[in-house]
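# What the coordinates show
Listed below, chain by chain, are the residues.
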Protein chains: 2
Amino acid sequence: MNLTLIQFGKTKDRWLQEGINEYLKRLGPYHKISILELPDASLKANQDEEAVRSKEAASAMRHIQPQDSLILLDEAGELKSSLQFSQFLSNLSSSKRSIFLIGGVFGVHAELKARATHIISLSPLTFTHRMARLILIEQIYRATMIAQNRSYHI
Amino acid sequence: MNLTLIQFGKTKDRWLQEGINEYLKRLGPYHKISILELPDASLKANQDEEAVRSKEAASAMRHIQPQDSLILLDEAGELKSSLQFSQFLSNLSSSKRSIFLIGGVFGVHAELKARATHIISLSPLTFTHRMARLILIEQIYRATMIAQNRSYHI
């Protein structure tokens, strides 16, 4: 599949980036997968939360084509088991690009929610948007292993 | 509080260990916290899943005192938001030791479930037991920041 992960801001912690790289490498044989890192709009001073979300949404929308599937990660989204997430991934059209978008420090703007094809949640727990990147890519790897009927414990 | 995290097997990935160390360090001023690493019983050949769970339970039970609170992490446990998890942590008795236990490769034995004071789940998604260590400690840190009324975005 053709997967793009959109995120705002760099993954500053080296250990998180190493973990993400590990799963990107493992996913290489199965998907065309890339990470699109857009600016973290919260870093400029004197911006309120809604202004940050709005800037980040505008920046993301410039990279989203009308035919793309857009899957938002949001705490208020639908919870799935790993098996359900694997079925969900398998059901995404392989002829379209699927974009997973993790909101910035202040979450996701309503404009992106309105554009989203699906809104899913990783857990009722709140994760930092940086940790969410690692958890998402690990789940994409797990989902791929489930779909391939391969074992994966570690 | 006096917190012990019991896990089976080493955290082999360097990046995961670095992430866990980062949160252990941040938690230092707030809790007496330690990790107890017991042998991963799945590493010996010719053992079925139930035998592995049983060996790991026996090994853990030798470290659990009758007065300890035992909180198991298990997929079938109760889901909580980060706010609920913070309240849960605050409600644990500060005069007792609280043990968080993450099952091994094959999960948790019924003997430990019967002993548990609480059984909680990090998500309907399945995580590796190693990733669960990082997610749990990050949530303990988040819960502590919530209880201290401190901001925490990263």
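Because the structure is a prediction, the values reported are computed rather than measured.

### Remarks on the environment of leucine 101 of chain B
Residues and elements named next belong to chain B. As for its position among the elements, leucine 101 is in strand E4 (residues 97-102). Since its relative accessible area comes to 0%, leucine 101 is described here as buried. Separated by 65 residues in sequence, leucine 101 and leucine 36 place their C-alpha atoms 9.5 Å apart. The residues contacting leucine 101, other than those within four sequence positions of it, are Ile6, Phe8, Ala60, Leu70, Ile71, Leu72, Leu73, Val108 and Leu112.

### A word on unusual backbone geometry
At asparagine 149 of chain A, a position not held by glycine, the phi torsion is positive, near 60°. Following the sequence through the fold, asparagine 149 of chain A ends up in the segment after helix H5 (129-147).

### Overview of the relation of the copies chain B and chain A
Each copy superposes on the other: chain B lies on chain A with an RMSD of 0.0 Å after a rotation of 180° and an axial shift of 0.0 Å. Seen this way, the second copy is the image of the first under a two-fold rotation axis. A shared interface surface links the copies, since 100% of the contact residues of chain B are contact residues in chain A too.

### Considerations on the nonpolar core
Within the largest apolar cluster, 62 residues are counted, with the highest numbers of intra-cluster contacts made by Phe85, Phe100 and Ile140 of chain A together with Phe85, Phe100 and Ile140 of chain B. Sequence-distant contacts of phenylalanine 85 of chain B, defined by excluding residues within four places in its chain, comprise Leu125 of chain A together with Lys80, Phe100, Ile120, Leu136, Gln139, Ile140 and Ala143 of chain B.

### Remarks on the interface of chain B and chain A
Across the contact, 31 residues belong to chain B and 31 residues belong to chain A. Summing both partners gives a buried area of about 2,700 Å² for chain B against chain A, and 65% of it is carried by carbon and sulfur. Applying the counting criterion to the chain B and chain A interface returns two salt bridges. Mapped onto the side of chain B that touches chain A, the elements with two or more residues apiece are helix H1 (14-27), helix H3 (82-91) and helix H5 (129-147) of chain B. When the residues that make up the side of chain B that touches chain A are grouped by side-chain class, the tally is 15 nonpolar, nine polar and seven charged.

### Overview of the packing of helix H3 (residues 82-91) of chain A against H5 of chain A
All names here are of chain A. At a minimum axis distance of 8 Å, the contact between H3 and H5 shows a crossing angle of 80°. One finds that H3 runs roughly perpendicular with respect to H5. The residues of H5 that touch H3, namely those facing Ser82, Leu83, Phe85, Ser86, Leu89 and Ser90, are Leu136, Gln139, Ile140, Arg142, Ala143, Thr144, Ile146 and Ala147. The class makeup of the residues in the contact of H3 with H5 is eight nonpolar, five polar and one charged.

### Looking at the pairing of E4 of chain B
Residues and elements named next belong to chain B. Most of E4 sits out of view: five of its six residues are buried. Where strand E1 (residues 2-8) lies against E4, five bridges are found, and the strand directions are parallel. When the bridges of E4 are listed, isoleucine 6 appears paired with leucine 101. Strand direction decides the pairing type here: strand E3 (residues 69-79) and E4, joined by five bridges, are parallel. Looking across to E4, one finds that leucine 72 is bridged to leucine 101. Each parallel crossover has a hand, and the one from E3 via H3 to E4 is right-handed.

### Let's talk about H3 of chain B
Residues and elements named next belong to chain B. Every buried residue belonging to H3 is among Ser82, Phe85, Ser86, Phe88 and Leu89, and all of these are buried. All buried residues of H3 project into a common sector of 160° when viewed along the axis, lining one side. Each element contacted by the buried residues of H3 is listed here: E3, E4, strand E5 (118-121) and H5.

### Things to note about the sheet that holds strand E5 (residues 118-121) of chain A
Residues and elements named next belong to chain A. With respect to topology, five strands assemble into an open sheet ordered E2-E1-E4-E3-E5, the strand pairing being parallel. Every interior strand has two partners, whereas the edge strands, strand E2 (32-38) and E5, have only one. Sheet twist, expressed as the mean angle between neighbouring strand axes with direction ignored, is 30°. Against the sheet, H3 contacts strand E3 (69-79), strand E4 (97-102) and E5, and its axis sits at roughly 155° relative to E5. Strands in contact with H5 are strand E1 (2-8), E2, E3 and E4; relative to E1, the strand with the most contacts, it is inclined by about 170°.

### Comments concerning the side chain of glutamine 7 of chain B
Residue and element names in this part refer to chain B. By secondary structure assignment, the location of glutamine 7 is in strand E1. On the accessibility criterion, glutamine 7 (5% relative accessible area) is buried. Not counting the four nearest positions on each side in its chain, glutamine 7 is found in contact with Ile35, Leu36, Glu37, Leu38, Ile102 and Arg133.

The rules behind each value
- Residues numbered from 1 in each chain as written.
- Chains lettered and ligands numbered in written order.
- Predicted model: local features only at pLDDT ≥ 70, side-chain atom pairs only at ≥ 80, totals over all residues.
- Heavy atoms only, no water.
- Helix = DSSP H or I, 4+ residues; strand = E, 2+ residues; numbered from the N terminus.
- Buried < 20%, exposed > 50% of the residue type's maximum accessible area, 1.4 Å probe, protein only.
- Contact = heavy atoms within 4.5 Å.
- Least-squares fit on C-alpha atoms with pLDDT ≥ 70 in both.
- Core = buried A, V, L, I, M, F, W, Y, C linked by side-chain atoms within 4.5 Å.
- Buried area = accessible area lost by both parts, 1.4 Å probe.
- Salt bridge = Lys/Arg side-chain N within 4 Å of Asp/Glu carboxyl O.
- Nonpolar A, V, L, I, M, F, W, Y, C, P; charged D, E, K, R; others polar.
- Axes fitted to C-alpha atoms, helices over the stretch in contact; angles between N-to-C directions.
- Parallel < 35°, antiparallel > 145°, perpendicular 65-115°, else oblique.
- Pairing = 2+ DSSP bridges.
- Right-handed = clockwise from strand over helix to strand, strands pointing away.
- Arc of directions from axis to C-beta.

Nothing here speaks to function; it is geometry throughout.
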